[in-house]
Structures are given as structure tokens and as C-alpha cells.
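Structure at a glance
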Amino acid sequence: MSARSPVPDQYWSEPPSRLLATLNTTSGGLSSVEARQRLEAYGPNTLEAKKKATALRLFLNQFRSPIVLILLFATGASAVLADWADALIILTIVLGSALLSFVQEYSANSAAERLRAEVTIKATVLRDGQVQQVPAEEIVPGDVVQLSAGNLVPADGVLLEARDLYVNQAVLTGETFPVEKRPDTVPASAGLAERTNCVWMGTNVRSGTARVLIVHTGAATALGQIANKLTLRPPETEFERGVRHLGYLLTEVMFVLVLVVFAANVFFKRPVLDSLLFSIALAVGLTPQLLPAIINVNLSKGSQAMAKAGVIVRRLSSIENFGSMDVLCTDKTGTLTEGVVRLDGALDASGQPSDAVFRWAYLNASFQTGLANPLDEAILAHGRPDIAGVVKVDEVPYDFVRKRLSVVVAQPSGPPCIIVKGALDNVLAACSWVQEGDELTPLDDARRAEIERRLADWSERGYRVLGLAVGEGLSEPHPYTRDDERELTFVGYLLFFDPPKPGVAETIADLEALGIKLKIITGDNQLVALHTAHAVGLEVTGVLTSSQLDNLPDEALWQAVETTNLFTEVDPNQKERIILAVKKRGHIVGYMGDGINDAPALHTADVGISVDTAVDVAKEAADFVLLKHDPSAASGQSLAVLHQGIIQGRMTFANTLKYVFMATSANFGNMFSMAGASLLLPFLPMLPKQILLINFLTDLPEMTIATDNVDDAWVQRPHSWDIGFIRRFMLVFGPLSSAFDYLTFGFLFWTLHPGQELFHTGWFVESVLSAALVVFALRTKSSLARSRPGRGLLVATGSVVLAVLILPYTPLADPFGLRALQPLQLLAIAAIVAAYVGSAELVKRWFYRHFSAHPLLTRRQRVPG
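Remember, predicted model here, so these are calculated numbers, not experimental data.

Take the overall build of the protein next. Assigned secondary structure in the protein consists of 31 helices and 23 strands. Put simply, the protein has 865 residues, and 57% of those count as buried. Accessible surface for the protein amounts to roughly 36,000 Å². Of this, 57% is attributable to carbon and sulfur atoms.

See the structure below:
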């Protein structure tokens, strides 16, 4: 059991110096040696110990199904009644099926775990007197952590220092807006929301910077103490919901059939144990017990294929959502553009190049310590002016409300001055004066209009424009705040340019060909966004600005999002609102972003996509993380990589659905046939062990579905679950299978007049051959001859066909109750199977003509919850 931190229960009321002493640490942090020792003592910084999917646990999980447990119980009953041979055979088949599923699932889990390990959340700590990056799981009590905008708070802690720190702690307190935090002590009786000197695990920094003394980690944190009371499971995906509804459908059919068959056999005074085993064996044949393993293998194969393209899947079940996605929302920066911003000009208030303006901008960018951003990097890369003798005094970090960043500096002579950089309108809102040459003039309406004219002109040419202002004559040194951003002098403009990415027009066309609409949601103004959209060949069908969004009620927005594909000047809450509106229209929505302001939208979207260099809160909210950039572009997020991921998602969905078709056609048909025949024959149409062997043999080819080839038609349009379509498929192809089973039944019983064992053998061979070979017809909407199956499916099916033809002539025939068939009998069975496969091919064409939706399922109706 992990040790508990020695700090008092009401640690928020203790001064930081006392807490440092209690934790035997300093404001400079722990040593690496001490941190390792504490990690051993306190355990990893996780809400619960991760239960690794060990081989034994996964193997035992194969026996969790109630049907399998009942079958094992019945097998035990056979052993008690001294029917040792049957008990051993059934037990061997059950163990073989479990082992088959286990091998595939263990391999899939191991591969997925290796890929997920490539994306970890790290924290910035002070250890050995130096700033280091360590995995958040290795944070221990006594660590000193540095926080800045975009960071997830890794554990519970008390502030040692803070500068304009605002934290979003809605996950714990439900507060709508970020809360300001300050180093201080608060009363011992303060509630969670009132402890303004503390930060909590699971919350995130909205703006500002801080140094935090960690007091509790893992399960001892405030989040850890309530974790068991919270529903922490992520929202159910469309795919998971579809699987659940399919399970309901199949379970209902299975229970009705099994109960009727068992009751009827008992009514006809057949042995109760044989009737029970027969009914349970039917249930096993009817149940798609391989579906979890098939899904797991398909998703794992999909995640490995996507990893080769540089996409790490953080949540496997989202892969199918990726394939179902029909709307992709994204910011333009780094997606449609290079993502490498350059400073094209530092201009004075009259629009002329100015070294003085660049010097002010350089001081602001070089001294700020908050959120790293490409605009500041572009300023610093542009050159280095003479700033000798200038000393930083303070800063007021950027936030998404003010949209400004201020730095206070002391020059060699004179009082401190404040340098303010940010969105032009927001900077002007804090200005009263304009610097025109050596003169200061009031910022009147005429000058504002001139500034707006310049902004419009530059924006139409694709420039992003920031404003720069300076305030001098500040009061005596004190902790400066946003209140000091007033009565400023507007000194000039900073022009940035992010050129369109080469080849992005072709990629947008490719996405459109896949049935995916692209919508741009950006904080840039309307003119800049329109310029970029036109430059990359995106046809703008509608534009909504931030102010227009505010004036639209939800019902009107639901209509507007259908025709609008450019949203400009939006804030984080509006991004989330847009995503929800698009989802309300029945679309499967993807969102790609990497900033703090993208986190709500990433979490709300059906498919959240981020990059490895994104802020922590964005990576944590994403389902997919791009590890590498498009090799055809200099940098930035890659639509081309996403194009490959979408195709992989659709292929994964297609192969999963193939198994469903097989399970609801040939397998169902065989089991229905046996159920009917059991009521007509004077003996059981097949022994329980034979039914289980059929189930085992037909499972073998189906386990290779994950590597099967996929027709182009599957990847051309988005697709999702349609339980009604699957039900219709079952009601057409299940009875078709049964019809040929009964043809075999009539041939064997009335034509050859065989004994019971020969009858069992004939139907056993026909059942396996028909179920194995009809797969080639049902796996594709196209003609059987035009769609090439995967090599694994061909080899596995060929092996099963060979095995079932040889089995009646081997020493294993007697234990399974089988007898050798005559050549004419085999030919007759082969003719019936060939007729069945041919009929399935013809019926398939009729079916898809009448039910053309196909599970390309382009209907955007979501599966009800």
C-alpha cells in the first residue's frame, strides 16, 4: 500500500514555508535520487493502479460469457454422468476457441499499448536545481512544478508563486469560468472552490504562470477521492453504440430460439442433458462470441497501420468514427497553411517600416514567459535589435478574453513602461493616443477609421495583423495587472504571413471525393480567412463571424451550419457551440486543433485530432495525435495524413461489418436449420460436440478478416451502423442458408436413408463447407469474381475445407461421431454447396438493388442511445 503525504489535512491554511519543511523539500525542488525514492514510497501519480492486460487475465476473460460458463457447467455434468469422451471433446473445443481468441486479442492489445506509450503527458519540474520534463505519472509529493498556459495540472499543490494565473477547474467545482489563483493562505474551513491558493489534478491552466509545491498525488488527490463516484468513462462512440444494439438484437433471437428448442426436445421426451447440451451448443453457434476479438484485432491492425502514417490512436474505438466522419472542422493555421509564420513587417502608425516598432515588439516577445506561440517565435527569428540595459520588471500574460500580452520593462533612464501586443481591436480598446512621427495625437474616430482601412487592406492580402502600444509614466513598482493597460499610445502594426501549403487544394479535393466537407473555424478576421480559403481553392458557401454567432439562437445555428463552411473571429466557447450544432444535424464531426482554445471543441467532436507538439490539454482531449508532419510540407498539421487515416478507419469498419454479415447469414441459417430439424427427426440432427466443432472451424477463417482486402466502394463514402439494414440482411440470407440446409436434410434422409451417424456426418460437412465458402460471396457488394479476397482468408478457408473433408476418414472421426462418406455422397453435398454459393451471389445482387443504402450506410441518422 502506498504511503500518504505527511502534510496536514487542511494544508491550504498552512504557510508555504511550513509545507516545504513538512515535505522535506525546498523551493528549488527535489533531487532526482529523492524523487525516485518517493515514487517507490507513494506510487505512480495515477488515479488507480493500471491493471496491465496480462496474458492470464486476457485468457480468463475469454470465459466471461454466460453461454460459455453454462456450456462448461453442462460439460461438467456430462463428466459426472461418466460420459467422459463427450465431456473431453466439448471441453477441448471450448478451450481451443478461447485460445484462438486469446492469441489474437493479446497480440492486438500488446501492439496498441506500445503505440499509446508514444504519446505521454509530461510535466515541467525543478529537480537537482534544474528545469526538467518528466512524465506526469512520476510526479511525487515535494516536487516543485512549473505551470503555464495550456498545461494540465499533474497533481494537487499549493502555489509558491503565480503571475495572473487563471485555472479552469470545472471538472471539480463546476464553475463556468476560469478562476484566478494567488499564493496566500486561506481559512481551514474553506471549501474546494474557495481554496484560491491551490491547484488540483485534472484541471488546466487557462493563462498565466506559476510555481507549485505538490502535496498530494494519485488517489490521494481531490480528483482521486471522488473518481469512483464520477462517471469517468468517455462518451460512447457511434460504433460502440451500434455494437451494443446489434448485441441486443442477436441476444433476443438467441434466447427465444434456445428456450423453444429445449422445451420442444424435452416435450418429445428426449434425454434432458442431451437436449440441454444441444440447445446450449445452438446458442454458441448463434452468438457472435468472436465479435469482441474481431473488433479488437481490427482496431489494433488499424492503429498499427495509422501509426506507420504518423498517427497515434489514443482511443481505439474512435477509429471507426474516423471512417464515419463526414465533416472535418479545423483552424486554417498549419492545416491549410504552412504553419511557419514569418514577420513580414513592423510598421509605424502611418504604415511605414519602423525599427523602433520592431524593438518594442522584440522586447515584448523576448521577455514574455507565458504561452509559447509562433507569432513571438517569428518576431525573435526576424532579427535582434539593441536592447542593452533594458530589464524586465513584470508581465501580464495573454488570455483569450483580453487577447493582449503585456510586458513591463525598465529602461536605462526613466520610469518603467508597459509594452502591449495583441489583436488590433483589443489593443486599440486600451489606447487613447497615436504616435505619429515624434508627436502624440488623440486617437479619434478619423484615426480609428484610417487604422481599420489599413487592417482591411492587409487582411485582404492574407496578412495577420497585430497592434502594438506603449504606456509610459507608470506608477511606482508593484505587481502590475491588466488594469495598467490603459491610456496607452498606439505605436504601430506587426504584419505576419503564413503562406498556403503546397498541394493542399488537391488534398481538399480528395477529402471531398471521400464525402467529407471541410469547415474552417478560425480566430482570424473574416478577410484573412477568406483570402486563405480562396488561395487554397476552397469554395466558400457561407461565412459567420463571432458577432453573428452571438446573435443566432441555437435553432437558427442548426440550420446555418449546414451551408456555412467558414467561421471567423470565433472564441473557444463558440467553437464548441459550432461543433454541437453540426452534430445536431446528424453528422459525424471531426475537429483538428492544438491550442488551449481548441480543447473544448476537441472533447466535443466525435473525432478529436491533435499533434504531438500541442499543449497538454489539447493532447489529452484528442482521440488521435499526429506524431509527424506531412513530408510534402515544411511543417504543420497534415490533411494528407488524415486522408490516409480516414481510409484506414473505413477499411477497419468494413472488415468488422463483414464478420457481422457472416455471423448473421450462414451461421444463423445453420443454427435455425438444426433447431427446426430437431423437431422433425426422431434423433438430434447433430450432436452438441459436432455443433461446437462447426462453430470452431468456421471461426478460423473469420479471424483473418482484419487483413482482408477491402473494395474501393467501402472507402469512397462515409458509413455508419444501421441495425435495420443488418436485420434485413439476416432475414434474407439466413433463410437462404436454411433452404439449402433443408435440401441437404432431404437428400440425406429421404434419398440415401442413412443411419444417424452418416446423417450427422453429411450435414456436418455441408454446414462447414457452406459457411466457409459463402464468405467469398458475402464479403463484397461486387461480383465474387471481381473482388479479390485477402491471402490470409484464402489460406484459412482452404485449410478448413481440406480439414473437414479429411476428418471423417481419420482416427478423430469416431470420437466426434462421424463416419466416412461415399464419393457420390460427397459430390452431391458439393453440388448443394455450389448451388448455395451461386444463389447467394444472385440474391446479393437483388438485395443491394432493393436495399441500396448498404452499410456504406450514407444515412447520417445516428443510432439511438
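Now, onward.
A word on the sheet that holds strand β20 (residues 566–568). The sheet built from eight strands is open, its strands ordered β8-β23-β22-β21-β9-β18-β20-β19 with mixed pairing. Of all strands in the sheet, those bounded by a partner on one side alone are β8 (311–313) and β19 (543–545). Pairs of neighbouring strands in the sheet enclose a mean axial angle of 20 degrees, with direction left out of account. The pairing of strand β22 (residues 607–611) with strand β23 (residues 624–626) spans three bridges and is classified as parallel. Bridging across to β23, Val611 finds its partner in Leu626. Most of the contacts of helix α17 (residues 526–535) go to β20, to which it runs at about 150 degrees, and overall it touches β18 (517–521), β19 and β20.

Our next topic: the packing of aromatic side chains. Where two aromatic rings form a pair, the distance of their centres and the angle of their planes describe that pair. Applying the stated criterion to the full structure yields 17 aromatic pairs. Where Phe358 meets Tyr362, the ring centres are 6.1 Å apart and the plane angle is 55 degrees; that geometry is what we call tilted. You can see Phe358 and its partner Tyr362 sitting in helix α12 (residues 355–367), four residues apart, about one turn around the helix. The exposure classification of Phe358 matches that of Tyr362, with both residues buried. Between Tyr463 and Phe497 the ring centres are 5.6 Å apart and the planes differ by 55 degrees, which places this aromatic pair in the tilted class. Placement of Tyr463 in the loop between α15 (445–460) and β16 (464–471) and of Phe497 in strand β17 (residues 488–497) is noted, with a sequence separation of 34 residues between them. Summarising the burial analysis for this pair, Tyr463 and Phe497 share the class buried.

The next subject is the pairing of strand β15 (residues 439–442). For a regular strand, side chains alternate in direction, first toward one face of the sheet and then toward the other. Examined bridge by bridge, strand β14 (residues 431–436) and β15 share four bridges and lie antiparallel to one another. Looking at β15, one finds that Val434 is bridged to Thr441.

Looking now at the pattern of salt bridges. Under the definition given, this model contains 27 salt bridges. Residue Glu436 is joined to Arg447 by a salt bridge in which the shortest nitrogen-to-oxygen separation is 3.0 Å. Taken as a pair, Glu436 in strand β14 and Arg447 in helix α15 lie far apart in primary sequence, eleven residues in all. Accessibility expressed as a relative area gives 36% for Glu436, which makes it partly exposed. By relative accessible area, which is 25% here, Arg447 ends up partly exposed. Among the salt bridges present, the one from Asp554 reaches Arg577, with a minimum N-O distance of 3.1 Å. In this pair, Asp554 is assigned in helix α19 (residues 554–563) and Arg577 in helix α20 (residues 572–584), connecting sequence segments 23 residues apart. Taking the relative accessible area as the measure of exposure, Asp554 reaches 39% and is therefore partly exposed. The exposure class of Arg577 is partly exposed, given its relative accessible area of 23%. Taken together, the shared-partner salt bridges connect Arg402, Arg404 and Glu485 into one network.

This next bit is on the pairing of β22. For β22, a buried count of five out of five residues is recorded, marking the element as mostly surrounded by other parts of the structure. Burial along β22 is two-sided: Val607, Ile609 and Val611 facing one way and Gly608 and Ser610 facing the other are all buried. Bridging between strand β21 (residues 589–592) and β22 involves three bridges; their strand directions are parallel. Directly across from Tyr591, in β22, lies its bridge partner Gly608.

Time to look at the packing of α12 against helix α13 (residues 374–382). Contact pair α12 / α13: the axes reach a minimum separation of 9 Å and the direction vectors enclose 125 degrees. Our classification of the angle between α12 and α13 gives oblique. Relative to α13, α12 is oriented so that their crossing is left-handed. Residue-level contacts link Phe358, Ala361, Tyr362, Ala365 and Ser366 of α12 to Asp376, Ile379, Leu380 and His382 of α13.

Bringing the side chain of Ser459 into the picture now. In this structure, Ser459 sits in helix α15. Reaching out from Ser459, the side chain makes a polar contact with the backbone oxygen of Leu455 at a distance of 2.8 Å. In contact with Ser459, not counting residues within four places along its chain, are Asn525, Leu527, Val528 and His531.

With respect to the helices and strands, Asp425 occurs in helix α14 (residues 424–428). In this structure, the C-alpha to C-alpha distance between Asp425 and Arg404, residues 21 residues apart in sequence, is 10.0 Å.

Glancing now at unusual backbone geometry. Here Asn24, not a glycine, exhibits a phi torsion of approximately 55 degrees, which is positive. Tracing the chain through its elements places Asn24 in the loop between α1 (16–22) and α2 (32–42). Not every positive phi belongs to a glycine, and Lys403 is a case in point at roughly 55 degrees. The topology assignment puts Lys403 in the loop between β11 (391–396) and β12 (404–410). Overall, the relative accessible area of 25% leaves Lys403 in the partly exposed class.

Before going further, it helps to examine the confidence of the model for the protein. Looking at the protein as a whole, the pLDDT averages 81, with 82% of positions reaching at least 70. Contacts from residues 629–637, a stretch scored under 50 in pLDDT, to residues over four places away or in other chains number 23 contacts.

The rules behind the values
Numbering of residues starts from 1 in every chain and runs along the sequence as written. Reporting in this predicted model follows two pLDDT cut-offs: at least 70 for local features of residues, and 80 or more for side-chain atom pairs to be given and counted; totals over whole chains, interfaces and linings ignore these cut-offs and use all residues. Side-chain calculation: all heavy atoms of the structure are included, whereas hydrogens and water are not. The helix count covers DSSP runs of H or I at least four residues long, the strand count covers runs of E at least two residues long, and both are numbered beginning at the N terminus. The buried label applies to any residue whose accessible area, calculated with a 1.4 Å probe on protein chains only, is under 20% of its type's maximum; exposed applies above 50%, and partly exposed to all values in between. Accessible surface area values rest on a Shrake-Rupley calculation with a 1.4 Å probe, where residue burial reflects the displayed protein chains alone. Criterion used throughout: strands pair if DSSP finds at least two bridges between them. Structural elements are reduced to axes, namely lines fitted to C-alpha atoms, with helices fitted over the stretch in contact, and the angle between N-to-C directions of any two is expressed from 0 to 180 degrees. Whether two residues are in contact is decided by their heavy atoms, any of which lying within 4.5 Å being enough. Pairing of aromatic rings covers Phe, Tyr and Trp, the last counted by its six-membered ring, and requires centre-to-centre distances within 6.5 Å; plane angles under 30 degrees mean stacked, over 60 mean edge-to-face, and any other angle means tilted. Just to be clear on terms, a salt bridge is a Lys or Arg side-chain nitrogen sitting within 4 Å of an Asp or Glu carboxyl oxygen. Note on angle classes: values under 35 degrees are labelled roughly parallel, values over 145 roughly antiparallel, values of 65 to 115 roughly perpendicular, and the remainder oblique. Handedness of a crossing is defined here by the sense of rotation of the near helix relative to the far one, left-handed for an anticlockwise turn of less than a right angle and right-handed for a clockwise turn. For this analysis, a polar contact is any N or O atom pair within 3.5 Å, provided that within protein one partner can donate a hydrogen and the other can accept it, and provided that sequence-adjacent residues contribute only side-chain to side-chain pairs. Confidence of the predictor at the level of single residues is captured by pLDDT, which takes values from 0 to 100.

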